[in-house]
Amino acid sequence: MEGAGEGVYKKSIRSGKWFFLNILSQKLIGVVSFFILARLLIPGDYGVMAAIMLVLGLINQLTTVPFGDALTQRKGDIERFLDPLWTFEILRSAVVVIFIFFAGGSLANFFHLSGTDSILMSYSGLLVLISAFSNPRQIYFFKELDFFKVFIRDVVSQIAFVATAVCYALFIKASPLALFFGYAAQYFSGVCLSFFLHPVIPRFSARFNNLMELIGYSKWSYGQDLMSFLSSQLDRMVVGRLLSPHELGVYARSKDLSSTASSIVFTIFDKVGFAAFSKVQDRMDKVREGFLKSVDVVLIAAIPITVILLFEGGALVRILLGEKWLSLVVPLKIFASGNIFFVFNRIVSPVLNAIGRPDVNFKINAIQLALTLPSMYIGFRYFDFRGLSVSIVITWIIMLCYVVIRTRGILMIPKRSFYPSITSGFIACVGTLVMDLIFRSFRNVNTSTIIILVQVAILGAIYFSLLLWSSWKIGKGPYETLRSILRELGVLPQKC
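What counts, and where the lines are drawn
- Residues numbered from 1 in each chain as written.
- Predicted model: local features only at pLDDT ≥ 70, side-chain atom pairs only at ≥ 80, totals over all residues.
- Heavy atoms only, no water.
- pLDDT = per-residue confidence, 0-100.
- Contact = heavy atoms within 4.5 Å.
- Salt bridge = Lys/Arg side-chain N within 4 Å of Asp/Glu carboxyl O.
- Helix = DSSP H or I, 4+ residues; strand = E, 2+ residues; numbered from the N terminus.
- Buried < 20%, exposed > 50% of the residue type's maximum accessible area, 1.4 Å probe, protein only.
- Disulfide = S-S within 2.5 Å.
- Axes fitted to C-alpha atoms, helices over the stretch in contact; angles between N-to-C directions.
- Parallel < 35°, antiparallel > 145°, perpendicular 65-115°, else oblique.
- Left-handed = near helix turned anticlockwise from the far one by under 90°.
- Nonpolar A, V, L, I, M, F, W, Y, C, P; charged D, E, K, R; others polar.

### Description of the confidence of the model for the chain
Per-residue pLDDT for the chain has a mean of 82; in total, 90% of the residues score no lower than 70. This stretch, residues 1-6, has a pLDDT under 50; its non-local contacts, to residues over four places away or in other chains, come to 6 contacts.

Put into structure tokens, the structure is as follows:
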């Protein structure tokens, strides 16, 4: 069993590098394209598309049964489930298209959309239908940790989005249509690549009774996914309903940009971590070891960018996006501070799902939703969408405390196991803050863009150096985890 556990760790690291490169590439392409499109489009254009994606996301969450999660977690042959699942998804998506087409006007009015934007809402269901035709056998990419194929599929699809959106905005019209057709190109190319990378053509099958075997696991996944979506997206619905598309665009982009780094990490954990932990779900010692390494990865990969956005977000927005996006700075910094807590909440989810406890995730997400509703009301009522941002962050902090208490009894991890990681992370954050204050004391309003970007890069290097140095002195934590990962990737010799 020891060898099996070690084999899963090695395979998850070596295949996970492709998923990491996948998510990193997508985020970099997405951020760079946003810097380009932000000069062509206005916040209101992003607000329109944010409203449309909110509607699609909510309807998808309400109508999608997460059979895919159950199949990934399930051991043994899953072939007999795939054709019925593909058929079910196409039929479900066809119903969604019809519903959104007829309800599009009312949905558009809810978010204060009119004219072309309202028509766009009515036809947005086609995006769901396009993605439903994806090859169901791409689930094997995740079950077998074959993330090179996922890398190819997702990066090419992201490039298709950028190329289409930028070309439309440049040569046809700078409007929300640029983003809409960008998403259509992304989903269509993803479907084509899913068959190219796994060339098995599915067949229509009405054997939906096969899927009933998956309901026991899927019902909890459905509940937790729905609760998670509502707790994470209700704030955007409130802003979209009570304010304008312009303010929704500012709010949504600030929240998304603040989580650029952390979303890379928890997306990897959701896919790679879930698949890897599922393979060792019977070995709680391996699960605990993997979870502690996950905490170290967060400190290495997610927190540096979050800290830099918190300290220098205003300067970066002014340089990279321009004056028309300056209203984004305050909520960006608020969410950046909150993402330090949010990312630790998220990395618990795939572990609990993998060991067969989606019911705990459901309860965690339900409690978060219950806390989010009153805190959102108070924050928005008295301090507009900036207060709403603060209320969301406060909820994340409270939930982290609850998650720690709730999961310690399940994973049985001693408190002292976290001390090396927490101590080294605290030292790195404080040291970076001190250096940022020193830099600011010598900087004036006329400081050049190059100097500011160099200072930001230096701050990142300082955080990283302090994190590794302090954990090296302690003897555990991020330094040892990074060495372990580099050894498995072949960067360092095995006996290093």
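### Digging into the pattern of salt bridges
Scanning the model with the defined rule gives 7 salt bridges in all. Note that Glu 89 is salt-bridged to Arg 92, the shortest N-O span being 3.0 Å. Of this pair, Glu 89 and Arg 92 both sit in helix H4 (residues 79-110), separated by 3 residues, roughly a single helical turn. Accessibility assignment for this pair places Glu 89 and Arg 92 in one class, buried. Between Arg 253 and Asp 256 there is a salt bridge, with the nearest N and O atoms lying 3.7 Å from each other. Note that Arg 253 and Asp 256 are positioned in helix H11 (residues 245-258) at a spacing of 3 residues, about one turn of the helix. According to the relative accessible area criterion, Arg 253 is buried, its value standing at 18%. On the basis of relative accessibility, which here comes to 29%, the residue Asp 256 falls in the partly exposed class. What emerges from the salt-bridge pattern is a single network uniting Glu 79, Asp 83 and Arg 137.

### Digging into the state of the cysteines
Should the sulfur atoms of two cysteines be covalently bonded, the bond is a disulfide. Applying the stated rule across the entire model yields 0 disulfides. In this structure Cys 192 is not part of a disulfide, and its nearest cysteine sulfur, from Cys 167, lies 18 Å away. The closest cysteine sulfur to the non-disulfide-bonded Cys 429 is located on Cys 401, 17 Å from its own sulfur.

### Notes on the packing of helix H2 (residues 43-63) against H4
Remark: H2 packs on H4, axes separated minimally by 11 Å, with the N-to-C direction vectors making an angle of 140 degrees. Of the possible angle classes, the one that applies to H2 and H4 is oblique. Here H2 and H4 pass one another in a crossing that is right-handed. Residue-level contacts link Val 55, Leu 56, Ile 59, Asn 60 and Thr 63 of H2 to Arg 92, Val 96, Phe 99, Ile 100 and Leu 107 of H4. Grouping the constituent residues of the contact of H2 with H4 by class yields 7 nonpolar, 2 polar and 1 charged.

### Re the side chain of Ser 471
By secondary structure assignment, the location of Ser 471 is in helix H18 (residues 449-474). Ser 471 sits in the buried class, given a relative accessible area of 0%. Discounting residues that sit within four places of it in the chain, Ser 471 has contacts with Ser 424, Lys 476, Gly 477, Pro 478 and Tyr 479.

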